[in-house]
Structure formats: C-alpha cells, structure tokens
Amino acid sequence: MKPRSLTLRLRSQYRHDMHHTYTIELAQARDVPRIAAMSREFIEHGLGWRWSPNAVQRCLRDRATNVVVAREADGALSGFGIMKYADSDAHLLLFGVAPAQRRRGIGSALLAWLETSASTAGVELVFLETRAGNTAARDFYRRLGYRELTLLRGYYRGQEDAIRLGKDLTQRTERTSE
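First things first, this report covers the structure right here in the doc. Keep in mind that this is a model prediction, so the values were computed, not measured.

Next up on the list: the pattern of salt bridges. Across all of its chains, the model carries 12 salt bridges by this definition. In this structure, the salt-bridge partner of Glu129 is Arg164, at a minimum N-O distance of 2.7 Å. Taken together, the positions of Glu129 in strand E6 (residues 125-131) and Arg164 in strand E8 (residues 160-168) put the pair 35 residues apart, joining distant regions of the chain. According to the relative accessible area criterion, Arg164 is partly exposed, its value standing at 27%. Here Asp161 makes a salt bridge to Arg153, at a shortest N to O gap of 3.1 Å. Residue Arg153 is classed as exposed on the basis of its relative accessible area of 65%. Residues joined in a network through salt bridges with shared partners are Glu25, Arg30, Asp31 and Arg71.

In structure tokens, the structure reads:
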C-alpha cells in the first residue's frame, strides 16, 4: 500500500520572488521526533500530548499507514500528514504545516500526495476530523473538496468538539492553492 517511488516537488513563491523547493516524501525514522513535536506545538495545544514519538513511530511501521513529510532543501520539515488506509476508505489521522510555512501550498501538496496514494490503492473516501473552532482548517479542507459531515461533541478528550469531514476521491474536484 505504501508507494515508495511517488515523489512530488513543489515550488512555492515567497516574497521578493524567491523560490524554494520542497520534496513531499515518506517520512523516515529520523523525522519521528520532529513530527511529534510539531503535533504538540501547533495541533494538540490545550489537549495534552497524544501523538508522542512512540505513537508516530507505530504509524511509520504500520503497513496500512503512510506518514509523509514536506522536506525543505536543508532537510527541515515544513509539514506532515499521517493517513491510515482501509479497503475502500482512509482516515487522515494527523496533519499539520508549520505556522510560518502556511498559505504557501505545502498543505495542499501534502494532501494531494496522500490522496493520490489513496486513490492508487483503490480508496474511494477520505475522512478526517478537525476542531470545530478551527475555521482556517475547515476552510482549507472545504477548498480542497471536503464536505462537513457531522459534529462530534467532546471528541477531543471530552474537552472540545470536532467536525468530521469527508471527500469522495471518485469525484473530480477543482483544487485551489491554500
């Protein structure tokens, strides 16, 4: 299920017409601590720390799960995604882009990589959850063809509600850059 040869390159234009290249690729063991730290720093804030290095490492070893990163030319991580696959659907378990790197197309490229992998494997539907109050994330996913399906009360450790979103990969949707 894990396509090792699929690599997408993304060139993002920054201020002053500078170009940087990011490689979207499967994560390696050396990436685990940084993925866990990124989750703690800007995804799980206020909720405790569920996505520890051990949890991320389990996903990295799981044949039914892809852990993908956006790597800068210097090797630094700009973002990541963790998607678990079943027979006809997939669940985006964890997804994040460093705050300083947002709105530069990195999140869209990561999600495109994961969706392409899922579609290639015969997956038809992708599901995910995001905090109900995270309007930026909800808008991001809606722009990429995800639909809000249901409100999940107390989903995050009984403290915060979530919105479940889904996308039918068999339907063609227009993508817009984040």
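Along strand E4 (residues 77-85), 8 of the 9 residues are buried, which leaves the element largely enclosed by surrounding structure. In the sheet, strand E3 (residues 65-72) pairs with E4 via 7 bridges, with the strands oriented antiparallel. Residue pairing across strands places Asn66 opposite Met83, the latter belonging to E4. Linking E3 to E4, which pair antiparallel, is a turn of 4 residues; within it Gly75 sits at a positive phi near 95 degrees. Alignment of E4 against strand E5 (residues 89-97), held across 7 bridges, turns out to be antiparallel. By the bridge assignment for E5, Gly81 is matched with Phe95. In textbook terms, the turn of a hairpin is the stretch between consecutive antiparallel strands, and for E4 and E5 this stretch comprises 3 residues.

Parameters at a glance
- Starting afresh in each chain, residues are numbered from 1 along the sequence in its written order.
- Note on the predicted model: pLDDT of at least 70 is required for a residue's local features to be given, and 80 or more for side-chain atom pairs to be given and counted; whole-chain, interface and lining totals, by contrast, use all residues.
- Note that water and hydrogens are dropped before the side-chain values are worked out from all heavy atoms of the structure.
- The term salt bridge refers to a pairing of a side-chain nitrogen on Lys or Arg with a carboxyl oxygen on Asp or Glu at a separation within 4 Å.
- The numbering of helices and of strands both runs from the N terminus, where a helix is a DSSP run of H or I of at least 4 residues and a strand a run of E of at least 2.
- Exposed residues in this analysis have more than 50% of their type's maximum accessible area, buried residues have under 20%, and partly exposed residues fall in between, with area computed by a 1.4 Å probe over protein chains only.
- Two strands pair if DSSP finds at least two bridges between them.

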